[in-house]
Amino acid sequence: MRIRANFATNLSSWWRALRPRIDTGRPRSLTTAAGKKLGGFDFYHEVLGSPKYVVAPMIEQSELAWRKLSRRYGAHLVYTPMINSKGFSDSKHYKFREQSFNTTAGEEGGPEDRPLIVQFGANDPEKLLACAKIVEPYCDAVDVNLGCPQDFARRNHIGSWLQDERGLIYDLINILHRELSIPVTAKFRVLPSIEKTVEYARMLENAGAQILTCHGRTREQRGHGSGLADWDKIRAVKEAVSVPVFANGNVLFHGDVERVLIATGADAVMCAESNLHNPALFLPATHHTSREASPTASAFPSPPASLSPSSVLPVSSYLTGAHPRHTTLALEYLDIVKAQQTPTQLTDVKAHIFRLLRPALSRETDLREQLGRIKLARTNAATWEMVELIVKEMDERMERDARETEGQPLESLVTVDALTGLPILPHWLAQPYVRGPLNEPIAP
Ligand SMILES: Cc1cc2nc3c(=O)[nH]c(=O)nc-3n(C[C@H](O)[C@H](O)[C@H](O)COP(=O)(O)O)c2cc1C
């Protein structure tokens, strides 16, 4: 027994020692020569490789297969979905743990799934540490979720529902800072004033957070009334702390990616919804995918000078990025799901396909209904085959529609949404889903 345990420990330390070099070819030492773990900008540059484009933690959506797809299309760093620390480290809830983040996934993800940050929702420092210890060998940092505003987070007393308990938040971050061999990071929402937001961010930094992700919306801004993120508050945070800051909120198109970086001075931009609708969001228009689907760079020149998130800009300034055909992306995603051993939940897969194909589903309603009706078949392979058949049928219909406009430059096919002033691309291309006017009032 002891030999086995020693063997496992040796194997794990051997793997940990080698991992940074195996992963990317970059020198990614987790510690300095003096044996101190890297933090702040040293960690950001040397371990993470100076990421600029980050895919957000997304429950049921930033699972291994999606992370792999996002990385292929330009994401530099990806987070896991939030894992509720309640039960994760407990052997009674083994199945829950395997579904949330199994160590086999950590192994299988391997170099293809790095750099990776694993996020937890927690309210008990000791339990959080126990969870973080399990994932420590398979990721580059552990993030604490302080931003989730949902009702289940309220019921579990996690996420943004902790934001008034500064002592507890300090302890959650600080225990990971002291006890883990990898850094701790934090993702939080802004508070009603700039002063309070900055004070909060400084506390997180003092507790030991080595990267701060600032979502520019308050806890009250959620659901349909979520309104605009406040980039000024993000800038104030960036100016107030000395660790890297990731800006989150209000990025729909590729043009917004550069805009938010300039407006906030942030080190990286983190995207959630827009990544789900177009995982190629971070790629410039000049990137060529298997289907010709991007405007030419000269047709849509550089990002605009205006830096306010609410200003509606010339259509051309949004369309500086790649918009591949959504069925191509969906089929590639399904190939990843089928090829890996780590299981993907049917609900996650369906949610991805619904989001990707959204521009076309309101036309092809028969396919939307068929997709909605799919249930787990006897084998995973049979389930994915049913999904794939629907996507392939959609692909043929998109090919038919695209052929009708053959020879016309893409920019001549773009229309402008009367409500938002934002561009609408042809329905066969991946594009963001815009819910309402950009300056929509904030729900009380
Ligand atoms: C489907 C979905 C799941 C999400 N799950 C999480 C999560 O697990 N943890 C978290 O911190 N935020 C979560 N969020 C919030 C995003 O990370 C992000 O902060 C928010 O959507 C704002 O970014 P966006 O404007 O780019 O969408 C989720 C968002 C979406 C759309």
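Residues numbered from 1 in each chain as written. Predicted model: local features only at pLDDT ≥ 70, side-chain atom pairs only at ≥ 80, totals over all residues.

Looking up the chain in an unreviewed UniProt entry gives the name tRNA-dihydrouridine(16/17) synthase [NAD(P)(+)], with the organism given as Daedalea quercina L-15889. Word for word, the UniProt comment on the chain under Cofactor (unreviewed entry) is "FMN". The chain has a UniProt comment under Sequence similarities (unreviewed entry) that states "Belongs to the Dus family. Dus1 subfamily." (UniProt positions renumbered as here; feature names shortened; annotations may be inferred.)

1. A short note on the confidence of the model for the chain
Here the chain shows a mean pLDDT of 85. Residues at 70 or above account for 82%. Note that residues 287–307 has pLDDT below 50 and, in this model, 47 contacts with residues that lie over four places away or in other chains. Throughout residues 439–444 the model reports pLDDT below 50, and contacts reaching past four residues in sequence, or to other chains, amount to nine contacts. Interface confidence in the predicted complex, given as ipTM, is 0.99; pTM for the same model is 0.88. (pLDDT = per-residue confidence, 0-100. Contact = placed C-beta atoms within 7 Å.)

2. Re the pairing of strand E9 (residues 268–271)
Note on strand geometry: in a regular strand, side chains alternate between the two faces of the sheet. Burial of the side chains of E9 extends over both faces: Ala-268 and Met-270 are buried on one face and Val-269 and Cys-271 on the other. Across three bridges, the pairing between strand E1 (residues 53–55) and E9 is parallel. Considered in E9, the bridge of Val-55 is made with Cys-271. Relative to E9, strand E8 (residues 245–248) runs parallel, the two sharing three bridges. Note that in E9 the partner of Ala-247 across the bridge is Val-269. One crossover worth recording links E8 to the parallel E9 by way of helix H11 (residues 254–264), and it is right-handed. (Buried ≥ 20, exposed ≤ 12 C-beta atoms within 10 Å, placed from the backbone. Helix = DSSP H or I, 4+ residues; strand = E, 2+ residues; numbered from the N terminus. Pairing = 2+ DSSP bridges. Right-handed = clockwise from strand over helix to strand, strands pointing away.)

3. A few points about unusual backbone geometry
In this model, Arg-114 is joined to Pro-115 through a cis peptide bond whose omega is -5 degrees. Positive phi values are uncommon outside glycine, yet His-157 reaches one of about 55 degrees. Residue placement: His-157 occurs in the loop between helix H7 (151–156) and helix H8 (166–179). His-157 sits in the partly exposed class, given 15 other C-beta atoms within 10 Å.

4. Some words on H11
Within the sequence span of H11, burial applies to His-254, Gly-255, Asp-256, Val-257, Arg-259, Val-260 and Thr-264. Buried positions along H11 lie against helix H10 (231–240), E8 and E9. The positive-phi residue at the C-terminal boundary of H11 is Gly-265, with phi of around 75 degrees.

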